[in-house]
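One-letter residues, chain by chain:
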Amino acid sequence: MFSIFKPKIESSCSTESEAHNCCTPQPKGKVACPQCGEKAKGVLGKTFEALVTDETKAKFSCFDGFYYCKTSTCKVVYFRNNEILTQDDMNVIVGLKEGAKPATVCYCFEWTKEKIKAELEATGETKALEDIKGKMENPGCSCEILNPSGGCCLGDVGKAIKEIQKAV
Ligand SMILES: [Zn+2]
């Protein structure tokens, strides 16, 4: 036995260059969504447990091993092999899916695409990233039980801002 148990932590916040340990590491590896074929990230059992309706949860004995499809045009929210969950199975509106209202991008501090757009239209800039980063320090975030992705929202927020800036 020469192996030393050394967990390799894959931060779910890896899209950002600054290192911060706001989130519980997500399961490693990606799996293709059975519907759209895009690679999906795994979510923790506790993410699933917090965000899926009681009715749907009653169908499963184990909440581990689900993946989150973030493709906006794909109806799949979570999947595990051939088990597929959609918006109807969720306690929250999945903001990144097409037609979502509100289009929430940050679940911890309630930033929506609507709010970002309103700010950009009014002032030409948005404080979304600044606000979120500040609040991540204090009081801290709970992405793993609030965000359907189970991870940090900063990447999604940045993308949303760019998208909206193009459209404004
Ligand atoms: Zn999909």
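Right above here is the structure, for reference.
Residues numbered from 1 in each chain as written. Predicted model: local features only at pLDDT ≥ 70, side-chain atom pairs only at ≥ 80, totals over all residues.

Points about unusual backbone geometry
Of the consecutive residues K101 and P102, the connecting peptide bond is found in the cis state with omega at -5 degrees. Here P102 lies in the loop between β5 (83-85) and β6 (104-106). Going from N138 to P139, the amide bond is cis rather than trans, its omega being 10 degrees. Located in the positive-phi region is N81, a residue other than glycine, with phi close to 55 degrees. Relative to the helices and strands, N81 is located in the loop between β4 (78-80) and β5. Here E110, not a glycine, exhibits a phi torsion of approximately 55 degrees, which is positive. Positionally, E110 belongs in the loop between β6 and β7 (111-112). (Helix = DSSP H or I, 4+ residues; strand = E, 2+ residues; numbered from the N terminus.)

Re the sheet that holds strand β1 (residues 30-32)
Ordered by their spatial adjacency, five strands build an open sheet running β1-β2-β3-β4-β5, and the pairing between neighbours is antiparallel. On the outer flanks of this sheet lie β1 and β5, each paired with one strand and no other. Judged from the three bridges that link them, β1 and strand β2 (residues 39-42) form a sheet pairing that is antiparallel. Along β2, the bridge assignment pairs K30 with K41. (Pairing = 2+ DSSP bridges.)

Any link to function would need more than the numbers given here.
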